[in-house]
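These are the residues of each chain, in order.
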Amino acid sequence: MHSGKTSPFSSFSPADRRLSALYRHLEGSSSIAAMDSIAAAPTSASSAAGASVFDHVVRGPEDPILGVTVAYNKDQSPVKLNLGVGAYRTEEGKPLVLNVVRRAEQMLVNDNSRVKEYLPIVGLADFNKLSAKLILGADSPAIQENRVTTVQCLSGTGSLRVGAEFLARHYHEHTIYIPQPTWGNHPKVFGFAGLSVKSYRYYDPATRGLDFQGLLEDLGSAPSGAIVLLHACAHNPTGVDPTPQQWEQIRQLMRSKALLPFFDSAYQGFASGNLDADAQSVRIFVNDGGECLVAQSYAKNLGLYGERVGALSIVCRTADVAGRVESQLKLVIRPMYSNPPLHGASIVATILKDRNMFQEWTIELKAMADRIITMRQKLFDALCSRGTPGDWSHIIKQIGMFTFTGLNSEQVAFMTKEYHIYMTSDGRISMAGLSSKTVPHLADAIHAAVKRAA
Ligand code: PLA
């Protein structure tokens, strides 16, 4: 705590301890002003006619990622470009619904035997089984030994949150280490669940690569049993992943210290275009017989963003433990949203259980991944041909949906103001939002921003 400063939650009931924990985590960081405005203490109960009982509520800040879209939508310029949120666009700049998804939806609509009854608390059984197979591999010993419990959740975010709530209630160590930097929602998801959030070194701005030494040192000095959040592939926002050899070293270190891995798999298939290759990090941890958690999202790889389809798997030592863990996951989920939505999970199950549809998906997925890789090359070439000062090779070296450009917040603000290009203030751009037509405009903007500062 800073001297003389008390948490705005200090006079609250024990139920508000989660907010307080998050406050302590964020204190001293720039996010603290934002937290103050998330929950300001009421001054007095208002009973006078006309005065609102919510008068004390201060306006909260826009989300650093989704708020970019809000600003973009207000811009009237015909050349405006949204490279903020990670959402795939076609070469024509349009959102894409995969053909295989349309086909699955048609089949579902035409099947009159289908009803709209509630799903069980844990979701659609087929979907859960197939999701575990997709991430762990069809021949995974953990699946064969029935040691995995999988529950359908509200996309990746909901899966992370349910996992975090379970850990806060049932795991002995409440500290979670997240990479520095990471997806901006991670500290909030884990902090609001009541975990204490710390970070480990991950990215080295000097090399624009992995700070592997720093990572090993920080995880090496974490308390035994601490939870560690790992991006399964296509690290967001940096686009920098450990090599297979480095993953193996991370595994050895974590297992030797009994650190508990919590994988966030939001981009399976988007990094390399291959679903199995992108799941390797998770599989090396599962194949050693140890325990871990995995949050999966179908937002990006099946383009099901708004359908909110995802899964949380907890790999346990024995089938008996897995059964007990599942019984407790149900107690987490039931008071939160009772049970998950039916439609999106039915689409996924339809595709995953049909050999031909699965095949069709992998082809469409590869096409999306390849288009992103082509955009990397085009942007890199465009900057080279303009002679933009600096080394831009990281654009083609980084992996997945995003390029972590190295542009600072002032340069980003300049590009938004002068070129109507919208991106997060940390300099991250969504390569999936770019097309051959818009690359020159982006390259002009980056060139001008860099020259201006030089
Ligand atoms: N985990 C990571 C690492 C992510 O990047 C995202 C989404 C999620 C989980 C959650 O996705 P889901 O709940 O939609 O399945 N990140 C996006 C969108 C693409 C966002 O911020 O919500 C991003 O632009 O970073």
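Residues numbered from 1 in each chain as written. Predicted model: local features only at pLDDT ≥ 70, side-chain atom pairs only at ≥ 80, totals over all residues. Heavy atoms only, no water.

As annotated in an unreviewed UniProt entry, the protein carries the name Aspartate aminotransferase and is attributed to Buddleja alternifolia. Within the UniProt record for the protein, the comment given under Subunit (unreviewed entry) is "Homodimer." The protein has a UniProt comment under Cofactor (unreviewed entry) that states "pyridoxal 5'-phosphate". (UniProt positions renumbered as here; feature names shortened; annotations may be inferred.)

Attention now moves to the site of the ligand. Inspection of the region around the ligand gives 17 residues, with Ser 155, Thr 157, Asn 236, Asp 264 and Ser 297 positioned closest. The contact in question runs from an oxygen atom of the ligand to an N or O atom on the backbone of Gly 156, over 2.8 Å. In this structure, an oxygen atom belonging to the ligand sits 2.6 Å away from a side-chain N or O atom of Tyr 267. In the complex, 92% of the free accessible area of the ligand, which totals 530 Å², lies under the protein chains. Looking at the shell around the ligand, its residues break down into seven nonpolar, six polar and four charged. Residues lining the shell around the ligand come from more than one domain, with at least three contributed by each of domain 2 (66-97 + 361-453) and domain 3 (118-353). (Near = heavy atom within 4 Å. Polar contact = N/O pair within 3.5 Å; in protein donor to acceptor, adjacent residues only side chain to side chain. Areas by Shrake-Rupley, 256 points an atom, 1.4 Å probe, with all protein chains shown as cover. Nonpolar A, V, L, I, M, F, W, Y, C, P; charged D, E, K, R; others polar. Domains from an automatic or database assignment.)

A few words now on the environment of Phe 190. Among the structural elements, Phe 190 can be located in helix H8 (residues 186-192). Spatially, the C-alpha atoms of Phe 190 and Gly 163 are 9.1 Å apart, while their sequence positions differ by 27 residues. When residues no more than four places from it in sequence are discounted, the contact partners of Phe 190 are Leu 160, Ala 164, Ile 176, Ile 178, Leu 195, Val 197, Leu 229 and Phe 262. (Helix = DSSP H or I, 4+ residues; strand = E, 2+ residues; numbered from the N terminus. Contact = heavy atoms within 4.5 Å.)

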